[in-house]
Amino acid sequence: MMTRLLVVDDEATVRELLSATLRFAGFDVTSAATAAEAVAAAAEEPPDLVLLDVMLPDMDGFEVVRRLRPTPVLFLTARDGQADKIQGLSLGADDYVTKPFDLEELIARIRAVLRRTTGRANDDVLTVGLLALDAEGHQVTRAGSPLRISPTEFRLLHYLMENAGRVVSKAQILERVWRYDFNGDTSIVDTYISYLRRKVDDQDPKLIHTVHGMGYVMRAPKS
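First, a word on scope: everything that follows refers to the structure included in this document. Computed from a predicted model, the values in this text were never measured in an experiment. Throughout this description, residue numbers start from 1 for each chain and increase along the sequence as written. The predicted origin of the model limits local features to residues at a pLDDT of at least 70 and limits the giving and counting of side-chain atom pairs to 80 or more, whereas totals for whole chains, interfaces and linings rest on all residues. Only hydrogens and water are removed before side-chain values are computed, so all heavy atoms of the structure are retained for them.

As for the overall build of the protein chain
- Helix and strand definitions here come from DSSP, where helices need a minimum of 4 consecutive H or I residues and strands a minimum of 2 consecutive E residues; each element is numbered from the N-terminal end. When helices and strands are counted, the protein chain shows eight helices and 11 strands.
- For the protein chain, with 223 residues in total, the buried portion stands at 45%.
- The Shrake-Rupley method, run with a 1.4 Å probe sphere, supplies the accessible areas, and residue values consider only the shown protein chains as cover. Accessible surface, the protein chain as shown: approximately 11000 Å² in total, 50% of it carbon and sulfur. Buried means the residue's accessible area, taken with a 1.4 Å probe over protein chains only, is under 20% of the maximum for its type, while exposed means over 50%, and partly exposed covers the values in between.

As for empty space enclosed by the protein
- The pocket and cavity definitions rest on a 1 Å grid over protein atoms only: a 1.4 Å probe that fits but cannot leave marks a cavity, an open set with protein on both sides within 12 Å along at least five of seven lines marks a pocket, and residues lining either have an atom within 4 Å of a point. Grid points are joined across faces, edges and corners, and a volume is the space filled by probe spheres set on the points. Enumeration according to the criterion identifies one cavity of 30 Å³ or more in this entry.
- Of the voids in this model, the largest cavity is the one considered here, and its volume is about 120 Å³.
- Those elements giving two or more residues to the lining of the largest cavity turn out to be β2 (28–32), α6 (151–162) and α7 (170–178).
- Ranked by residues supplied to the lining of the largest cavity, first place goes to α6 with four residues.
- Throughout this entry, Asp, Glu, Lys and Arg are counted as charged residues, while Ala, Val, Leu, Ile, Met, Phe, Trp, Tyr, Cys and Pro are counted as nonpolar. The remaining residues, Gly among them, count as polar. When its residues are assigned to classes, the lining of the largest cavity shows five nonpolar, one polar and six charged.
- Residue ranges assigned to each domain were obtained from an automatic or database domain assignment. Built from parts of two domains, the lining of the largest cavity gets at least three residues from each of domain 1 (4–118) and domain 2 (125–218).

Digging into the packing of aromatic side chains
- Within 6.5 Å between ring centres, the rings of Phe, Tyr and Trp (the latter by its six-membered ring) count as paired, and their orientation is classed by plane angle as stacked under 30 degrees, edge-to-face over 60, tilted in between. This model, assessed by the stated rule, comprises three aromatic pairs.
- Ring geometry for phenylalanine 75 and tyrosine 96: centres 5.6 Å apart, planes at 65 degrees, overall edge-to-face. With phenylalanine 75 in strand β4 (residues 73–77) and tyrosine 96 in strand β5 (residues 95–98), this pair connects stretches of sequence that are 21 residues apart.
- Ring centres of tryptophan 178 and tyrosine 192 lie 5.5 Å apart, and the angle between their planes is 70 degrees; this geometry places the pair in the edge-to-face category. Placement of tryptophan 178 in helix α7 and of tyrosine 192 in helix α8 (residues 187–200) is noted, with a sequence separation of 14 residues between them. As far as the burial class goes, tryptophan 178 and tyrosine 192 line up, both buried.

Have a look at this one:
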């Protein structure tokens, strides 16, 4: 199962950049702009790690840490004073990164925290038949041959593979892969399924199947 991160920052540009970068790195990412949204999101879908801005409009990030315990937390903040770092770490935060930060270094720190707190760093590999998806390495192979797929195709494929054998609807795919509904237009799902099939199912046996009136299912070939 893909490692779930919750990004909490009131700056939309920071929030969107982080979310896009972390999804590209193979993480399942949700985001929140306020402390209240963060607490609600964590209650609904508990994350494996929270990236938390200290300076939020409705509540101090240090108070959010108290409410999110025992969820691992990595602070993101422009406040680089030693006293702030000590306070954050003493409250149970697992790391403290000051803005501006290098994205590659941040991802390395995220994985280090995950190794310490969960024993994994999003390094799971999903397999369906001869198809393999490495979430951490962001690589897909079929019968050992690497496939070149886009970040969106990767997220779609990951969702199909983690639900292998189960039919998922277009609405479910939109919610999980795109996180918005395109005003009810599910044609983008059909388009990206077509893209994936050209790359993943260009040989037999086919793995991605259409269930008319219901959605799609990824099914391993019968032995």
